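# Observations on the model geometry
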Amino acid sequence: MAEMVEKITLVDSFLSCHVCSETFIDPVSLSCNHSFCSSCLQKFWEQVGNKNCPICKRSSKETPSINFSLKELADSFARKQNGATNEMENKKEKNVVCEKHSEVSYWFCEDEQKAVCPVCEFSLHQSHKVVPVEQAVSEMKKQLRSDLKSLQDKRNTQEEVKTEYDEMIEHCKKQLLSTERQIRAEFNKLHQFLKEEEESRLAALREEEEQKRKTISREMKRIQEQISSLSDSISAVEEDLQKDNVPFLSSYKATQSRARGQTSLSDPQLVSGALIDVAKHLGNLSFRVWEKMKDKVHFSPVILDPNTANGFLYLSDDLTSVRCGDTKQQLPDNPERNTKYRDVFGSEGFSSGKHSWEVEVGDHPDWLIGYVKESVERKEEASPSPEDGIWCLWHDDGNYTNGADKTLPVKKNLQKIRIQLDYDRGEVSFYDPEDMSHIYTHRDTFTEKLFPYFSVGEAADAKTSDLKICQTEISV
């Protein structure tokens, strides 16, 4: 066997190209009798820039031709090599463990994790745990099918999440267009107000300028009349001074009396306030315009977060009111969204301090309002109680409860509710804002951020379909 391997190695060496070290392909021989693959020789010459032999470095002036004898030997050897390789691969494909006993039923050694021949290798595996190879394969395939199922489930989960992200991208595009439209609408209102205010103030400036100009014109006209009268008197005096004695004496008294009457008049004075009151028009202009803008600008202490809203809830454009609709909107199932109940949260949470706001509920029959902890369950079952992180007031067909099955003694149907949070004292309180009468107070220890909480049922025949967050006055 060793001799055969040595012979094959020797033939392989004789039929191998010294450039690529592989069996010759279209071998050519140089005048020095060294042989190479035709393509290998050409590439070598191109790299070195001459036509020397790669082995002995002798120059070859003649164009080398294919050595057909060597080519025939090389091709024959290559075919035999390929046949041997294919035979080995076929044996592997047929899972032949033992060439002597290829037809017997093999065992599987679980200790060494391989198939063994029960004839040849029995003594080697006597102390090992062996089972029929069919049984081992059946168990392995069962495990592999389980792994395949896990992989498929994992892929399905990935695809579901990818689909959710695709939906989020589309929803983001809609949010972009809608939010852009609303931003432009709000700024158009502000631009219109500022434009009208600008025109109003410019008109007031022009009106004052006209009034001041008329006042000055009246004064100037009166002074011009006096100047004309004085000029006439001056001319009369100058004329009398040119007269002869007898005519001068006859007109002297009248001319003197006229002249002295003119000189006794008081000198004209510039009237006060003749100039435009620039300070009135420019002083604190931005502040006074902003102060006036209060009637156009509103402030809401709580803004609803549309990314938390259940699909049945519809929010107003300014995110300050919410109603329950008949149809469910197609919204992304993002982690923040409430999908189990018809809930929506405020956009800003609190982890300290005092906060208060009011909600107009009217005659709406079914609602819950209050505060909720940030980590509250949004996808599965949860009760509207402090145990599940919800501190609320619940109204259902005229009955008021604290959300934890305690009925509250409310004597009238409340139109508005005031909600107050004192985070540091651990209190969420509810009041009737008409007379600030106390309804109920939850007392607890808060350990995480709290968000305003709304849960809205169907309005049915009620006049009030929307729960509205009341706006507050802006103090200047």
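Scroll up for the structure.
This section reports on the structure supplied with the text. In this text, all values refer to a predicted model and were calculated from it rather than measured experimentally.

It is the contact of helix H4 (residues 133-240) with helix H5 (residues 245-263), at a shortest axis distance of 10 Å, that shows an interaxial angle of 155°. On the basis of their axis angle, the class for H4 and H5 is roughly antiparallel. Considering only the axes of H4 and H5, their crossing is left-handed. Together, Ser 229, Leu 230, Asp 232, Ser 233, Ala 236, Val 237 and Asp 240 of H4 and Phe 248, Ser 251, Tyr 252, Thr 255, Arg 258, Ala 259 and Gln 262 of H5 make up the contact between the two elements. Residue classes in the contact of H4 with H5 are distributed as six nonpolar, five polar and three charged.

Another aspect to go through is the environment of Val 246. By the element assignment, Val 246 lies in helix H5. Classification of Val 246 as exposed rests on a relative accessible area of 66%. Along the chain, Val 246 and Asp 435 lie 189 residues apart, while their C-alpha atoms are 103 Å from each other.

A few words on the pattern of salt bridges. Counted by the stated rule, this structure contains 25 salt bridges. Salt-bridge contacts for Glu 199 lead to Lys 195; the nearest nitrogen and oxygen are separated by 3.8 Å. Here the residue Glu 199 and the residue Lys 195 both occupy positions in helix H4, the gap between them amounting to four residues, near one helical turn. Its relative accessible area of 45% is what places Lys 195 among the partly exposed residues. Ionic pairing is found between Asp 333 and Lys 379, a salt bridge with its closest N-O pair at 2.6 Å. Note that Asp 333 is positioned in the loop between strand S7 (321-324) and strand S8 (343-345) and Lys 379 in the loop between strand S10 (366-373) and strand S11 (390-396), a separation of 46 residues in sequence. By relative accessible area, Lys 379 is classed as partly exposed at 25%. Here the salt bridges share partners, and the residues they tie into one network are Asp 26, Lys 71 and Asp 75.

Procedures and definitions
Residues numbered from 1 in each chain as written. Predicted model: local features only at pLDDT ≥ 70, side-chain atom pairs only at ≥ 80, totals over all residues. Heavy atoms only, no water. Axes fitted to C-alpha atoms, helices over the stretch in contact; angles between N-to-C directions. Helix = DSSP H or I, 4+ residues; strand = E, 2+ residues; numbered from the N terminus. Parallel < 35°, antiparallel > 145°, perpendicular 65-115°, else oblique. Left-handed = near helix turned anticlockwise from the far one by under 90°. Contact = heavy atoms within 4.5 Å. Nonpolar A, V, L, I, M, F, W, Y, C, P; charged D, E, K, R; others polar. Buried < 20%, exposed > 50% of the residue type's maximum accessible area, 1.4 Å probe, protein only. Salt bridge = Lys/Arg side-chain N within 4 Å of Asp/Glu carboxyl O.

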